[in-house]
Every structure is written in structure tokens, then in C-alpha cells.
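Now for the letters of each chain:
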Amino acid sequence: MTQLRPPVTVGPEQGPALTRFLRVARKSWSAAVNAVDNTPLKYVVAPLRAAAAMPRWVWLVAIALTLGSVWSFGAIANIPQGMLVGPTVSRAVDRGVDWMVVNWDVALRSLNFALLQHFLLPLERWLVGLPWWLVAGVVALVAYRVTGPIMAFLATGMIVALAALGLFDLAMTTLAIVITSTVLAVALGVPTGIAMAKSNLVDQAVRPVLDLMQTMPSFVYLIPVIMLFGIGKVPGVIAVVFYAVPPIIRLTNLGIRQVDAGVVEAGRAFGATGTQLLLKVQLPLALPAVMAGLNQTIMMALAMVVVTSMIGAPGLGVEVLNGIARLEVGRGLLGGIGIVIMAIILDRITQGFAKQRQPARTTVAR
Amino acid sequence: MGPKLVVRNLWKVFGPHPQQVLHSEWRHKSRNEVLQATGHVIALRDTSFEVADGQTFVVMGLSGSGKSTLVRCLLRLIEPSEGQVLINGQDILGFHHHQLIQFRRKMAGMVFQRFGLLPHRTVLDNVAFGLEVQGVDKKVRLKRAQELVEVVGLQGWEHSYPSTLSGGMQQRVGLARALAPDPEVLFMDEPFSALDPLIRREMQDELLRLQERLRKTIIFITHDLQEALKMGERIAIMRDGAIVQQGTPEEILTAPSDEYVGEFTKDVRKAAVLTVRSVMRPPGVLVSAWQGPRAAVHAMHQAEEELAFVVDKHERLLGIVTFKAASEAAMKGSACLQELITKSPLVVPADALLESLLTMTVDYDWSIEVLPVVEADGRLVGEVRRASVRDVALAAKAQQPAAPVSPQ
């Protein structure tokens, strides 16, 4: 490989100090180039070298264009009107959503109603109705079982803090939404993940959709949801589900694909059907990964609940929103603290569950 | 009854268009040519063999010879491209999905090189797995699993997880799991290759002991010729997806069909594998007990032998008569051979290994230079001479430093 060296010319009249410096500089430059050659950085450097080796006129044109842009390009700066499709696309999407609003109204409305009446509201009522000391006790017990005494002690303290800060009811409302969305996300995500694991075609089709869902800013979900479901708890839940479902899909898929092929083959050799294989071999062995996905999903749901307070989902997020709207820093801060406390407790407990499943998995015979 | 398992002209081609390769001139080209020109791998080429009920059939070959593919094709874990696999006369390649599942559940048991145990289940639940997928009642299947855990000597470990077991013990679980549904055919894919040599030998002996009792039909895959010779009643040797020779261990050792097989068998300690049968010769002079000394003398004279074997009417060995004793008796005009018979100082069983022949004769003074060879029922089938025993001893000595063969 050719090495680039800085053009160094040393005249006879220059002093020995400078010569020494230039020699050292040249050496370290070539050392640096050699070092780059052995690292992934070479993929960055190679195109630069290729650019450096371009004919001179390419450089001249590029420089001329860049300098020219200091003054206006005038009309040629813009894409021609005929090629401008942005407004058309957004109008088409609008029309599509309008169509859905009109034609799916009954179905969406009944879904909204069913979810609200038969799941979300009873759950919320029950959670809010619980006395804070009972919740603290149960959380302490569960934390003790899955993580240990320190976490149990901390969790109890944090629930007491929630109650003392007057955030307990709001936290339970938020919890109701998080639980509802997580249940929906699991119900949606695990089967999708299984389908992706079982078929490469489904995998290739769903993967870009997941990428899209995860790169889309969370606010963008709110717009169609408002159009379709209006404002309130259920649209909040729907937006949260969309936001939080990718990790559990991905990790279910990954978990099943990572199951030792030898174990799966053994299952097949003993006459297991596809369903038996899934239930008795693949899912149990994928469980740690699925649990990790569940943990991620719950965390993302909690993060999104705050955002959905903008479309009328009640809970701790509303406090934060109001704090911003009314410039009440204290109120916003308390809401934030409440969310952090819930995040810590939920995260530790679900991670503890995931770890409990771990030992059974480390056993693939080598 | 016909053979248990018949494999006829089985082909397997890996690649995007196996049928096109099979139905063109590529069918007759070598594996490398086909791979280079078409990107297809001929993993099995026209393999055929038969396995009798209760027989242990060993398929031996180096890695990449297609032996693992072969055993998977027999269960359709890999779908063969062409051919027939008949079990009890039924072609499993014609089975529907449901029939195939039933076949795997009821007729076949498989043991894997890497054990393939379910890490999230206890030993007992692993052993019961085959019955569980059949839908057998929990109590029944656990009872059966318990029996098998005891058969393979793992009592006390029922509730352990596989990860806490050593390799040998894990493979015992694998064996118990394969035996639990009481399959008719046992497929063993290099079952002992992942174990260290000491445990491997122990497991081999254990399997032989079990097999003595169970008499299952076993398809046993291995890359170790020593193991093949030990386990197999019949052996097939594979190369590049084709079977290059099949026969009994003795046939493989004594008459390798080509250089490839010969290369394998070269280093094998034959004395540990071959039996006396391979070195014995037909008995020289045979006289019946009812014949007189004159007849015996005549026979020995004709054959220029110093002694004759005396047998009863069922060809059972009664003893030996020397030329000297017989001729003296003939001179005296005695008509009875009976009292001239002496016991042969050594009687060699035909099924004894050459090794044990050497140990038997190590203290023998060779006062009589011909030893009778008898079947288990006492029938005389041959003789061994001092010279051939010496040859065996020399050959064994020459191979002394050779370790057991493991071609990989």
C-alpha cells in the first residue's frame, strides 16, 4: 500500500534541530499510517486516499462550486417544482388517515371502549384503591425474593417517599397504563418475534418496520393516534404500545434463534411437532432473552407515558407537563422524581426475574 | 422376516437445485468437480445397505464423508434427495408429516455426539421427553424414565440438571432418553466421540452389555475404526458420501477393498480384533471314534501327520491320537481306538481373540505342535499350528507401540 507522506524539504541552511524534528515527524506520520492500516479506521482513510488520488480537475470543480455557494445559486438552488413530491405524499397520508377515521370509526370506538371499560379502568381503580403501605409491603417482598434485602429496603423507602410527596395516586395511575401497555405489547410482540424466528421471510419483512419504529421520534406516534382514537387514556396506551413493542419483538426473535441447534434437532428427532418444539424447547430456552426484552419494553413504556400525557393520558407525566406549562419547577421536579422511582423499582424487579431464569440456561453441553 | 432397515440408492445433494444436478451428467462426476462447477455438494452418493433385526451396523468414515448426513437422512431430519429408506418394509420417504412424527416417536431413538439434552430440564424430565411429546401420562412416563435412569446407572441424579453432570453421565442421559420410548431402531451419531478415552471405553462396554439384553437394531456412526470394530457386527466404510466397503469386522480387516480402507486398517492391533478363526486351518486328520487304529494310522500316513483328532458322530472333539500310539495298537491288532485317545493339552475356542490365544500359549511347551479349534458347542472346526501362533506373536510385537487408531 502506498503511504502518504507530508512533503518535507529540508534546505541545507536550516539548523539540525529542525532536521531532527522533521525526521521525527515523518517517522511518526508513517507509523500512524501503518497503525491505521491495521484497524477498522482504514475504511475511513481509504476513501480519503482515493479522493486524494482523484484527477486535479475534479478538485477544481468541487472547490469552484463550494466557493460559488457563498453567493446565491439563484433558481438552480431549489429542486424543480415538478420533482417536489413532499406535499403530495403528506396529503396522501392525510387522506388515508381520514379514510380510516371515517370507515373504522365503529371498530376503533368499540376497541377504545372495551379496553377502557374492561381493563384499564378496573385496573386503575384497583391500583389507586390500594393503601400505600400494602403496596410498599408487596414490593418489598417481591424485591426481597428476586434481588435481595438491600433492594427490598430501598424499594420500600422509595414507595414511602412517593406517598409522602403526595404522588402515590398519580403513580398508580401511571402504573395502570404501563401494565396495560406492557400486556398488550407482550401479546403483540412475542407472537411476532416467534413468527420472525420461524421464518426468514417474516424476519426480513418485519425488521425494517422495527427499525423505522425505533428511529421515529416518539411524538410522531401521537398524531395518527389522536386522529383515530381521540384524546385520553386508550390513545395513550396505543401510542405507548407502538413505542415500546420493538425490543420484545427483537429479543424474542433473537432468543429463539440463539437456542442451540443441537437441542432443537434432538427435539425434532424425538418426534416433537412444531408447537411442541416451540413450547417445550425453544421458548423455555429463549426465556432469559424474552425477559430482557420485557424489561426494555417496560422501561420504554414508562418513558413514553410521560410523552402521552400531552394527549390526555393521566398520571405522573401530567405533573411534569403542568410544571413546564406553568413554570412551576418544583411540581415538574416532583413528577420527574416519581417517574425515576417507578423506573428504578420496575427495572430492578424485572431484571431480577430475568437473572433468576439465567442459571438453567448456561448448560449447553460442550 | 426381512431385514429391519433397508437403504436403497440414497442420494443427498446440498445446494439450490439438487434435482437438476441429480438429473444431469453431474450425477456421475466427482464431488469436487460438482462443487466447483455448480456449487452443489454431493453429501450422499448412491448409498445402499441392509441391517438385520437386532444387529449393530456401524457406519465409519472421516469427517465430511457424509456419515452424519446419512444418519439424519434415515430420520428425515435432513430430507434425502433421492432413494428409499425402508423400515419394516415401509418407505419413510413416502410418509406424510403426521406419519413421520409418529415414526420418530415410536420407532426411532437417537443419541447425539453433543448430547442435545434440554438444559432447562432435570435428568428425569429429559429422559421422559420422548414419552412426553407422545402425550403419555405424566405418572407413567416418569416411572418409565426412572427405570431407564437406573438401567444406565444414574440413580441419585434424577433431579440434577444436565450442566451439573460430567460428559459421560450426560451421554448416559442421552442414551436413556433414546431408549425410553422403547424404539425399534437406535440411531447413534458419534455418541462417544466427545468423551475422553477412558470414559469412552467404559460407555462402549456398557452399550455392548445393554445390547446383549435389549437386542435393538442399532445404526452407529463413528470416525474411530477401533470403535467400529468393537461395536459393529457389520461395518460400512464411507468416503466422499459413498460406501466404499461393507462387511464384518474381520472382512474389513483381512480383505480391505481398496487402498483407502487398507490405510485405515493398517495400524489396527489385529490381535485385539481378529479371532482364532482368521488364522486357523481346517483340521488335518480327522478320525471318528468308531474307526479302528488301522484307519487312523492310514489317515495319518496319507496326510503325513503325527497326530489325528478324534471326534464323535456330532463332530465334537473327543481328544487326540498320536501316530505312535495308533501304530503300536495296530501292530497288536487292537480294534478299539477309544483307549488310545488322550486329552489335547490345549483346546482353543474359535471365537477367542488372537490376543487370548497368545496368552493361552505363552506357557505352553508345544509338546504337541497342533492345537484343535472348537466351536462353543464342542464341534471341531480347525487347527492352529505352532508356526501360525508364532506369526501372530511376531505381528503383534511389531505393532506394540502403535496406539489405538483414531484417524482424526
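Note that this is a predicted model, so its numbers are computed, not measured.

*Asks:* Explanation requested: the sheet that holds strand β3 (residues 56-60) of chain B in the structure shown.
*Replies:* Whenever strands of a sheet pair, they do so through backbone hydrogen bonds, lying parallel or antiparallel. All names here are of chain B. Read from one edge to the other, the open sheet built from 6 strands follows the order β6-β7-β8-β3-β9-β10, with strand pairing classed as mixed. Either end of the sheet is taken by a strand with one partner, and the two such strands are β6 (108-111) and β10 (242-247). For this sheet, the mean inter-axis angle between neighbouring strands, taken without regard to orientation, is 15°. Note that β3 and strand β8 (residues 217-222) share 5 bridges and pair parallel. The residue of β8 that forms the bridge with Met60 is Thr222. Together, β6 and β7 (185-189) form the strand contacts of helix α8 (residues 167-179), whose direction differs from that of β6 by roughly 170°.

*Asks:* Where do I start with the domain arrangement of chain A in this structure?
*Replies:* Domain boundaries assigned for chain A yield domain 1 (16-72) and domain 2 (90-129 + 165-361). Computed from C-alpha coordinates alone, the two centres of domain 1 of chain A and domain 2 of chain A are separated by 49 Å.

*Asks:* Is there a simple way to think about helix α4 (residues 97-106) of chain B in this case?
*Replies:* Since the α-helix advances by 3.6 residues per turn, residues separated by three or four positions end up pointing in the same direction. Those residues of α4(B) lying buried are B:Leu100, B:Ile101, B:Phe103, B:Arg104 and B:Arg105. On its buried face, α4(B) is in contact with α12 (261-269) and α13 (274-308) of chain A together with α3 (67-74), β4 (82-87), β6 and α6 (129-134) of chain B.

*Asks:* What am I meant to see in the environment of A:Val33 here?
*Replies:* The topology assignment puts A:Val33 in helix α1 (residues 16-37). Residue A:Val33 is classed as buried on the basis of its relative accessible area, which comes to 7%.

*Asks:* Just to check I follow, could you spell out the domain arrangement of chain B for this structure?
*Replies:* Interfaces are often sized by the amount of accessible area the parts lose when they come together. Once the domains are mapped, chain B shows domain 1 (51-268) and domain 2 (277-395). Each of domain 1 of chain B and domain 2 of chain B was reduced to a C-alpha centroid, and the two centroids are 44 Å apart.

*Asks:* Sorry, what's going on with the pattern of salt bridges here?
*Replies:* Pairs can form between side chains of opposite charge once their charged atoms are near each other. Under the criterion given, the structure shown has 34 salt bridges over all chains. For A:Arg250, the salt bridge goes to A:Asp211, with nearest N and O atoms at 2.7 Å. Residue A:Arg250 is located in helix α11 (residues 233-257), and its partner A:Asp211 is located in helix α9 (residues 200-215); the two are separated by 39 residues in the primary sequence. For the salt bridge of B:Arg200 with B:Asp224, the shortest nitrogen-to-oxygen distance reads 3.6 Å. Taken together, the residues span a long stretch of sequence, with B:Arg200 in helix α9 (residues 197-214) and B:Asp224 in the loop between β8 and α10 (225-231) at a distance of 24 residues. Of the two residues, B:Arg200 and B:Asp224, both sit in the buried class. Connected through salt bridges with shared partners, the residues A:Glu319, A:Arg326, A:Glu328 and A:Arg331 form a single ionic network.

So, how was this worked out
- Residues numbered from 1 in each chain as written.
- Chains lettered and ligands numbered in written order.
- Predicted model: local features only at pLDDT ≥ 70, side-chain atom pairs only at ≥ 80, totals over all residues.
- Heavy atoms only, no water.
- Pairing = 2+ DSSP bridges.
- Helix = DSSP H or I, 4+ residues; strand = E, 2+ residues; numbered from the N terminus.
- Axes fitted to C-alpha atoms, helices over the stretch in contact; angles between N-to-C directions.
- Contact = heavy atoms within 4.5 Å.
- Domains from an automatic or database assignment.
- Buried < 20%, exposed > 50% of the residue type's maximum accessible area, 1.4 Å probe, protein only.
- Salt bridge = Lys/Arg side-chain N within 4 Å of Asp/Glu carboxyl O.

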